[in-house]
Amino acid sequence: MSDQAHVPTGHDLAPGEEEQHSVGERILGYVVGLVLALLLTATSFFIAGTDLVWQPSIPVALIVLAIAQMGVHLVFFLHITTGPDNTNNVLALAFGLLIVFLVVGGTVWIMSHLNQNMPPMDQFIRMHS
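As a convention, each chain's residues are numbered from 1 in the sequence order in which they are written. Only residues with pLDDT of at least 70 get local features here, since the model is predicted, and only at 80 or more are side-chain atom pairs given and counted; chain-wide, interface and lining totals rely on the full set of residues. Note that the side-chain values use all heavy atoms of the structure and ignore hydrogens as well as water.

The subject of this paragraph is the pattern of salt bridges. Basic side-chain nitrogens of Lys or Arg form a salt bridge, by our definition, when they fall within 4 Å of a carboxyl oxygen of Asp or Glu. For the structure shown, the criterion picks out one salt bridge. Between aspartate 122 and arginine 126 there is a salt bridge, with the nearest N and O atoms lying 3.5 Å from each other. Of this pair, aspartate 122 and arginine 126 both sit in helix H4 (residues 121-128), four residues apart, roughly one helical turn. Residue burial is assigned from relative accessible area. The probe radius is 1.4 Å, only protein chains are included, and a residue is buried under 20% of its type maximum, exposed over 50%, and partly exposed in between. The exposure class assigned to aspartate 122 is partly exposed, which follows from its relative accessible area of 45%. The helix count covers DSSP runs of H or I at least four residues long, the strand count covers runs of E at least two residues long, and both are numbered beginning at the N terminus.

Soluble globular proteins tend to bury their nonpolar side chains together. To form a nonpolar core, buried Ala, Val, Leu, Ile, Met, Phe, Trp, Tyr and Cys residues must be joined to one another through side-chain atoms within 4.5 Å. Judged by nonpolar contacts, Ala37, Leu40, Ile47, Ile58, Leu65 and Val72 together constitute the single largest core of six residues. Where this core is concerned, the elements lending two or more residues are helix H1 (23-49) and helix H2 (58-77).

UniProt marks residues 27-48, 60-78 and 90-111 with the feature "transmembrane region" (unreviewed entry), using the numbering shown here. Helix makes up 100% of residues 90-111 and strand 0%, whereas the separation of the span's terminal C-alpha atoms amounts to 31 Å. UniProt positions are given in the numbering used here, feature names are shortened, and annotations may be inferred rather than shown by experiment.

All axes here are fitted lines through C-alpha atoms, helices being fitted over the stretch that makes contact, and every angle between N-to-C directions spans 0 to 180 degrees. Between H1 and H2, the least distance of the axes is 10 Å, while the angle of their chain directions is 170°. Between H1 and H2, the angle falls in the class roughly antiparallel. When residues are grouped by polarity, Ala, Val, Leu, Ile, Met, Phe, Trp, Tyr, Cys and Pro land in nonpolar, Asp, Glu, Lys and Arg in charged, and all others, Gly among them, in polar. Taken together, the residues that form the contact of H1 with H2 break down as 16 nonpolar, seven polar and no charged. Angular relationships are summarised with four words: roughly parallel below 35 degrees, roughly antiparallel beyond 145, roughly perpendicular across 65 to 115, and oblique for the angles in between.

It is worth spelling out a nonpolar patch on the surface at this point. Note that patches include only residues with greater than 30% relative accessible area and no salt bridge, and the join distances are 9 Å for like charges and 5 Å for nonpolar side chains (Val, Leu, Ile, Met, Phe, Trp, Tyr). Using a 1.4 Å probe, the Shrake-Rupley method yields the accessible areas, and only the shown protein chains count as cover for residues. A cluster of nonpolar residues, Trp109, Ile110, Leu114, Met118, Met121, Phe124, Ile125 and Met127, forms a patch on the protein surface that exposes about 890 Å² of accessible area. Secondary structure elements with two or more residues in the nonpolar patch: helix H3 (87-117) and H4. The element that contributes the greatest number of residues to the nonpolar patch is H4, accounting for four residues. As for its placement among the helices and strands, methionine 121 is situated in helix H4. Owing to a relative accessible area of 57%, methionine 121 belongs among the exposed residues under this scheme.

Attention now moves to unusual backbone geometry. Look at histidine 79: it is not a glycine, yet its phi comes out positive at around 55°. Mapping histidine 79 onto the fold places it in the loop between H2 and H3. On the basis of relative accessibility, which here comes to 38%, the residue histidine 79 falls in the partly exposed class.

Have a look at this one:
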């Protein structure tokens, strides 16, 4: 028996356990992810700083590139895939995103209500003087 345990395909993996891949396959995956991430980053800077793109479309293009960048990071670096062994990872990611959106959305909601319900600063100063 060898030092490395062979995990047969088609079986569930324990948390933290990964399928056995050669070093070359792992490095190739990281290099492809790095090249894609650099390409998306360079494209974002190019779009933000050029006059070749219709100006009102720049925010939409940057949002699309940012979402693509997140996808590259999730797949190539965090190894989030649609495989059956990644269900817990996807659920944990979704729960984390839910919490972030609740915190950010709640903060924006509270600040907007405070902005609507607070008097202007000059009236506020006159009330306390």
